Amino acid sequence: MQPEIERPGMGPEALRTKLAQMRPADLGMDTASNANLRDEVLDRFEVSLLTEGSGTQIFSTSFAQWAAREALRRAQPLTLLVRFAPRQRQKPMNELLSAAAVSPELDFVGSLIDGDLGAYYNWLNQQRLPGAEQSSFLVWFEGHSQALVISPLTPRRTESTSATDLGQLLEWTV
């Protein structure tokens, strides 16, 4: 993107057009070792995830939430794992895209808010799918002792204070 931004006359619409024309090969996704194993539909999905998102995805972990929403909408998977990670502190777009970028300064508080809202939005999107009443949802604050399970197999409005592990939480969802 940086060479395109630096071209005279390149504006947001021209950059958007350029991104829309990208193919898997333009992103290095068709290496010789796996070129015969590639799935054309999955390739297009991966390219669209990387090229069709809004600028906010650069600033936050909303890319994870957006990718999950697109997977739920397009593929309606039975299982979807989304992992939110720390985001970098907000900087001007040109500074973020410059080749001279240094190690990003992380925004842990903002990342926690993103993860919380992203999980909630994923749950809302999951509820829009056919068969949502049979679906399960698990959210876990990694490295901490809290999780939430919503499933037809778990009683509503119950709370457990006993220790468990991720394997047990997953068993409660199926």
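Just so it is clear, the structure is predicted and the values come from calculations on it, not from any experiment.

Helix and strand counts for the protein come out as eight helices and four strands. For the protein, the α and β elements follow one another from N to C terminus as α-α-α-α-α-β-α-β-α-β-β-α. For the protein, the residues scored as buried account for 27% of the 174 residues in total. Pairs at least 24 apart in sequence give 42% of the contacts found in the protein among residues at least 6 apart.

A positive phi is found at Q76, a non-glycine position, where the angle reads about 45°. One can find Q76 in the loop between helix 5 (62-75) and strand 1 (87-88). The residue R157 is not glycine, and still its phi comes out positive at about 55°. You can see R157 is positioned in the loop between strand 4 (147-150) and helix 8 (166-171).

Per the counting criterion, the structure on display carries two aromatic pairs. Geometrically, the ring pair formed by Y120 and Y121 is tilted, given 6.1 Å between the ring centres and 45° between the ring planes. Looking at Y120, the relative accessible area reads 45%, which means it is partly exposed. Ring geometry for Y120 versus W123: centroids 6.4 Å apart, planes at 25°, classification stacked. Of this pair, Y120 and W123 both sit in helix 7 (residues 108-127), separated by three residues, roughly a single helical turn. By relative accessible area, W123 is classed as partly exposed at 24%. Through pairs of rings, three or more aromatic residues link up here, namely Y120, Y121 and W123.

Attention shifts here to the environment of G110. Examined against the element boundaries, G110 turns out to sit in helix 7. A sequence separation of 21 residues divides G110 from R89, and the C-alpha atoms of the two residues are 8.5 Å apart.

What the rule picks out here adds up to four salt bridges. Residues R23 and D26 are paired through a salt bridge, measuring 3.6 Å at the closest nitrogen-oxygen approach. With relative accessibility at 40%, the residue D26 sits in the partly exposed group. We note a salt bridge from R73 to E70, for which the minimum N-O separation is 2.7 Å. Here R73 pairs with E70, and both are found in helix 5, just three residues apart, close to one helical turn. Each of R69, E70, R73 and R74 takes part in one network of salt bridges that share partners.

About the cut-offs
- Residues numbered from 1 in each chain as written.
- Predicted model: local features only at pLDDT ≥ 70, side-chain atom pairs only at ≥ 80, totals over all residues.
- Heavy atoms only, no water.
- Helix = DSSP H or I, 4+ residues; strand = E, 2+ residues; numbered from the N terminus.
- Buried < 20%, exposed > 50% of the residue type's maximum accessible area, 1.4 Å probe, protein only.
- Contact = heavy atoms within 4.5 Å.
- Phe/Tyr/Trp six-rings, centres within 6.5 Å; stacked < 30°, edge-to-face > 60°.
- Salt bridge = Lys/Arg side-chain N within 4 Å of Asp/Glu carboxyl O.

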